[in-house]
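Report on the structure
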Amino acid sequence: MTGRKLGILPEILAYPNWRHRVHLGNGLYTMGYNTLENDWEFYGMPENIAGKTVLDLGANDGYYSFKAEEKGAAEVTAMDIYWGDGSTMVGGWPLQGITLLKTYLNSNVVIKPESVYDLHQSQRQWDVVFCNDLLSWLEDIPRAMDQISAVCKEKLVIHDTFSTRKNGLDIEIRQLGIAKLHRMRIDYLVQCLRKRGFKTVSIHKVYSFKHYAWQFENFAPTTAHNAIEIWDSPIEGKVIKTAVVQEVWVLQTFREFVYLREIGWAKKSDLRIANRYKYFWLRQLKKCIPDWLLNLWHGRIGLEKNIGEFVITAER
Ligand SMILES: C[S@@+](CC[C@H](N)C(=O)[O-])C[C@H]1O[C@@H](n2cnc3c(N)ncnc32)[C@H](O)[C@@H]1O
């Protein structure tokens, strides 16, 4: 990855459908709300992937793919059903975001529009396979596990959501973004992996409230009581609408503009922007409280009730 194609920065800043937050340099990011600067570390992704071939399944805007490349992977393939409009996670994601980033970052990541169910067509294997936040959007997990296991040579990392509503850990299988349909226990997934030849399978839980708290602390909320102008881009943009905003997150700052989550660019001078470090002491205090107690408390107040995340690392 050498150099940056600064010429396409205006296009990146005008593209409204980012989900991932990818560093563009000089403290500038794509305007996604998901994935923060150290998500890789937060989810315990493998540190040493230098020289490895990596397959990122459900790669979306490519956060984990570009990170893998940055961390020295020999070859990275980003696979997703890149023919959807992003309105549902089951219908597929737009190709535009990851393509813009690949050009901007001068990256060698190979973008493959393909479903996880068709992996057998690849007729090859990768050393390391990532499957982040994908399983819970699939209808047929056992079929996907067959395909994924067959292409993984050394290590598989699965990160997803679990529900603690019943005893133990259940994965919620969602369709069209609504938690319904089937439920599956993580134990079952572990058995699936063992049967498919992974010798070591380890699970660890990640309480996502931490992630949420972190987002609250990092993205300042804004408020404007009068309707303000919303722009399509901070570079030679135009006004596309007006909006009254209440407690909307600021995902990006660029010159005299800020990007408001799911709204667009607005002039800083039109807004009241809250101090994002307001909860500094609370954050310090939280570090001293055990995870289970914090989770209980956050569950009580309704934030991310009964929902957490897990990471499974499976090795051959
Ligand atoms: C919730 S996003 C997760 C993105 C990314 N891996 C992450 O952790 O931030 C789920 C992604 O899976 C993709 N997806 C859904 N069904 C798929 C399938 N059958 N094959 C490949 N990707 C799929 C969606 O298009 C979407 O980009």
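So, here is what we can say about the structure in this document. (Residues numbered from 1 in each chain as written. Predicted model: local features only at pLDDT ≥ 70, side-chain atom pairs only at ≥ 80, totals over all residues. Heavy atoms only, no water.)

1. Let's talk about the site of the ligand
Inspection of the region around the ligand gives 18 residues, with His20, Gly58, Asn60, Asp80 and Asn132 positioned closest. Asp80 places a polar side-chain atom, nitrogen or oxygen, 2.6 Å from an oxygen atom of the ligand. For the ligand, whose free accessible area comes to 600 Å², the fraction covered by protein is 97%. Residue classes in the shell around the ligand are distributed as 8 nonpolar, 6 polar and 4 charged. (Near = heavy atom within 4 Å. Polar contact = N/O pair within 3.5 Å; in protein donor to acceptor, adjacent residues only side chain to side chain. Areas by Shrake-Rupley, 256 points an atom, 1.4 Å probe, with all protein chains shown as cover. Nonpolar A, V, L, I, M, F, W, Y, C, P; charged D, E, K, R; others polar.)

2. Side note on the side chain of Asp61
Mapped onto the elements, Asp61 comes out in the loop between strand 3 (53–57) and helix 3 (63–70). The side chain of Asp61 sits in the buried core without any salt bridge; Arg19 is the nearest counter-charge, 6.6 Å away. Among the polar contacts listed, one links the side chain of Asp61 to the backbone nitrogen of Arg19, at a separation of 2.6 Å. For Asp61, the residues in contact, after removing those within four places along its chain, are Asn17, Trp18, Arg19, His20, Phe66, Trp93, Gly97, Ile98 and Leu101. (Helix = DSSP H or I, 4+ residues; strand = E, 2+ residues; numbered from the N terminus. Buried < 20%, exposed > 50% of the residue type's maximum accessible area, 1.4 Å probe, protein only. Lys, Arg positive; Asp, Glu negative; His and termini not counted. Salt bridge = Lys/Arg side-chain N within 4 Å of Asp/Glu carboxyl O. Contact = heavy atoms within 4.5 Å.)

3. Focus on the packing of helix 5 (residues 141–151) against helix 6 (residues 186–195)
Relative to each other, helix 5 and helix 6 sit at 35 degrees, their axes nearing to 10 Å. At the point where helix 5 passes helix 6, the crossing takes the right-handed sense. Touching Ile141, Pro142, Met145 and Ser149 of helix 5 are Tyr188, Leu189, Cys192 and Leu193, all from helix 6. Classifying every residue of the contact of helix 5 with helix 6 gives 7 nonpolar, 1 polar and no charged. (Axes fitted to C-alpha atoms, helices over the stretch in contact; angles between N-to-C directions. Left-handed = near helix turned anticlockwise from the far one by under 90°.)

4. Quick word on the pattern of salt bridges
Any two side chains of opposite charge can pair if their charged atoms end up close together. Overall, the coordinates contain 10 salt bridges when judged by the stated rule. When the shortest N-O distance is used, the salt bridge between Lys153 and Asp127 registers 3.6 Å. Linking Lys153 in strand 7 (residues 152–163) with Asp127 in strand 6 (residues 126–132), this pair joins segments that are 26 residues apart in sequence. With relative accessibility at 42%, the residue Lys153 sits in the partly exposed group.

5. A look at helix 6
All buried positions along helix 6 are accounted for by Ile186, Leu189, Val190, Cys192 and Leu193. An end-on view of helix 6 places all buried positions within 155 degrees of arc, on one side of the element. Taken from the residues just after helix 6, Gly197 is the one with a positive phi, measuring 90 degrees. (Arc of directions from axis to C-beta.)

6. Here we look at helix 3
The buried fraction of helix 3 amounts to 7 of the 8 residues, a majority that puts the element mostly inside the structure. For helix 3, the full list of buried residues reads Tyr63, Tyr64, Ser65, Phe66, Lys67, Ala68 and Glu69. After helix 3 finishes, the residue Gly72 shows a positive phi value of roughly 95 degrees.

7. Regarding the pairing of strand 5 (residues 110–113)
As judged from the 4 bridges shared by strand 4 (residues 75–80) and strand 5, these two strands associate in the parallel manner. Residue Thr77 lies in a different strand from strand 5, and its bridge partner there is Val110. Read from strand 4 through helix 4 (residues 96–104) to strand 5, the crossover connection turns out right-handed. (Pairing = 2+ DSSP bridges. Right-handed = clockwise from strand over helix to strand, strands pointing away.)

8. Some remarks on the nonpolar core
In terms of nonpolar packing, the biggest core is built from 45 residues, with Trp40, Val54, Ala68, Phe130 and Trp265 touching the most fellow members. Of all the secondary-structure elements, those providing two or more residues to this core are helix 1 (9–14), helix 3, strand 4, helix 4, strand 6, strand 12 (239–254) and strand 13 (257–260). Each of domain 1 (6–211 + 306–315) and domain 2 (220–273) gives at least three residues to this core. Of all hydrophobic cores here, the second largest spans 30 residues; its members include Tyr117, Leu119, Leu138 and Ile141. (Core = buried A, V, L, I, M, F, W, Y, C linked by side-chain atoms within 4.5 Å. Domains from an automatic or database assignment.)

9. Some details on the packing of aromatic side chains
Under the counting rule described, the total for this entry stands at 8 aromatic pairs. With a centroid separation of 5.5 Å and 55 degrees between ring planes, the pair formed by Phe219 and Trp249 is classed as tilted. A residue pair is termed long-range when its members are at least 10 positions apart, and Phe219 in the loop between helix 7 (208–218) and strand 11 (221–231) and Trp249 in strand 12 qualify at 30 residues. Both residues of the pair, Phe219 and Trp249, belong to the buried class. When the centroid spacing of 5.4 Å and the interplanar angle of 75 degrees are considered together, the rings of Trp231 and Phe257 count as edge-to-face. With Trp231 in strand 11 and Phe257 in strand 13, this pair connects stretches of sequence that are 26 residues apart. Each member of the pair, Trp231 together with Phe257, is buried. Taken together, the aromatic side chains of Trp40, Tyr63, Tyr64 and Phe130 make up a single cluster linked through ring pairs. The cationic tip of Arg316 hangs over the ring face of Phe198; the distance from NZ or CZ to the ring centre is 3.9 Å. (Phe/Tyr/Trp six-rings, centres within 6.5 Å; stacked < 30°, edge-to-face > 60°. Lys NZ or Arg CZ within 6 Å of the ring centre and 35° of its normal.)

Nothing here speaks to function; it is all geometry.
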